[in-house]
Amino acid sequence: QEDLRQRFPETEFTFVDAGISSTGTTPHAFRFENDVLQRGVPDLLFVEAAVNDDTNGFDYIGQIRGMEGVVRHSQSGDGRCDASFYLRSVHSVAG
């Protein structure tokens, strides 16, 4: 956050820290309206989804559906929310 403020000193930022560690994209999709959109439609959204979907037992399709839910919610306002996604696909290998 501080980096953005320093790089764009003339811009007024309002940050909404809505992430909860150890959850995944499906819980994020269900929480998005309440935890983010009730504060207004964001101009820019950063989404990080690394290993928690896999660790929490969501298969590949479930992970995609969870992320799709986040994207759809982010576009439910005026559709002008830009998003930056940090994704890492992890597939369990049974031995």
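Heads up: these notes are all about the structure in this document. (Residues numbered from 1 in each chain as written. Predicted model: local features only at pLDDT ≥ 70, side-chain atom pairs only at ≥ 80, totals over all residues. Heavy atoms only, no water.)

Notes on the overall build of the chain
Across its full length, the chain carries four helices and two strands. Sequence-ordered secondary structure for the chain, helices as α and strands as β, is α-α-β-α-α-β. Per-residue burial over the chain gives 27% buried out of 95 residues. Looking at the chain alone, contacts between residues at least 24 apart form 71% of all its contacts between residues at least 6 apart. When the accessible surface of the chain is split by element, carbon and sulfur atoms take 50% of a total near 7,000 Å². (Helix = DSSP H or I, 4+ residues; strand = E, 2+ residues; numbered from the N terminus. Buried < 20%, exposed > 50% of the residue type's maximum accessible area, 1.4 Å probe, protein only. Contact = heavy atoms within 4.5 Å. Areas by Shrake-Rupley, 256 points an atom, 1.4 Å probe, with all protein chains shown as cover.)

Some points on the packing of helix α2 (residues 25-35) against helix α4 (residues 60-74)
For the pair α2 and α4, interaxial distance at closest approach is 7 Å and the crossing angle is 20 degrees. Taken as axis vectors, α2 and α4 run roughly parallel relative to one another. The interaxial crossing formed by α2 with α4 has left-handed handedness. For the pair α2 and α4, contact is made by Thr 25, Thr 26, His 28, Ala 29, Phe 32 and Glu 33 and by Gly 62, Gln 63, Gly 66, Met 67, Gly 69, Val 70, His 73 and Ser 74, respectively. The class makeup of the residues in the contact of α2 with α4 is four nonpolar, nine polar and one charged. (Axes fitted to C-alpha atoms, helices over the stretch in contact; angles between N-to-C directions. Parallel < 35°, antiparallel > 145°, perpendicular 65-115°, else oblique. Left-handed = near helix turned anticlockwise from the far one by under 90°. Nonpolar A, V, L, I, M, F, W, Y, C, P; charged D, E, K, R; others polar.)

Some points on the environment of Ser 74
Looking at the secondary structure, you find Ser 74 in helix α4. For Ser 74, the contacting residues outside a window of four places in its chain are Phe 32, Val 41, Leu 45 and Cys 81. Among the polar contacts made by the side chain of Ser 74, one reaches the main-chain carbonyl oxygen of Val 71 at a distance of 2.7 Å. (Polar contact = N/O pair within 3.5 Å; in protein donor to acceptor, adjacent residues only side chain to side chain.)

Observations regarding the packing of aromatic side chains
In the structure shown here, the tally under the stated rule is one aromatic pair. The interplanar angle of 15 degrees and the centroid separation of 5.5 Å between the aromatic rings of Phe 13 and Phe 15 together place this pair among those described as stacked. The class of Phe 13 is partly exposed, set by a relative accessible area of 26%. Classification of Phe 15 as partly exposed rests on a relative accessible area of 26%. (Phe/Tyr/Trp six-rings, centres within 6.5 Å; stacked < 30°, edge-to-face > 60°.)

Some remarks on the nonpolar core
With eleven residues, the main nonpolar core is built from Ala 18, Ala 29, Phe 32, Val 36, Leu 37, Leu 45, Val 47, Ala 49, Met 67, Val 70 and Cys 81. Elements that contribute at least two residues to this core include exactly α2, β1 (44-49) and α4. Broken down by element, the residue count for this core peaks at three residues, all from β1. Contacts of Leu 37, omitting those with residues within four sequence positions, involve Phe 32, Pro 42, His 73 and Ser 76. (Core = buried A, V, L, I, M, F, W, Y, C linked by side-chain atoms within 4.5 Å.)

The values are spatial; any link to function lies outside them.
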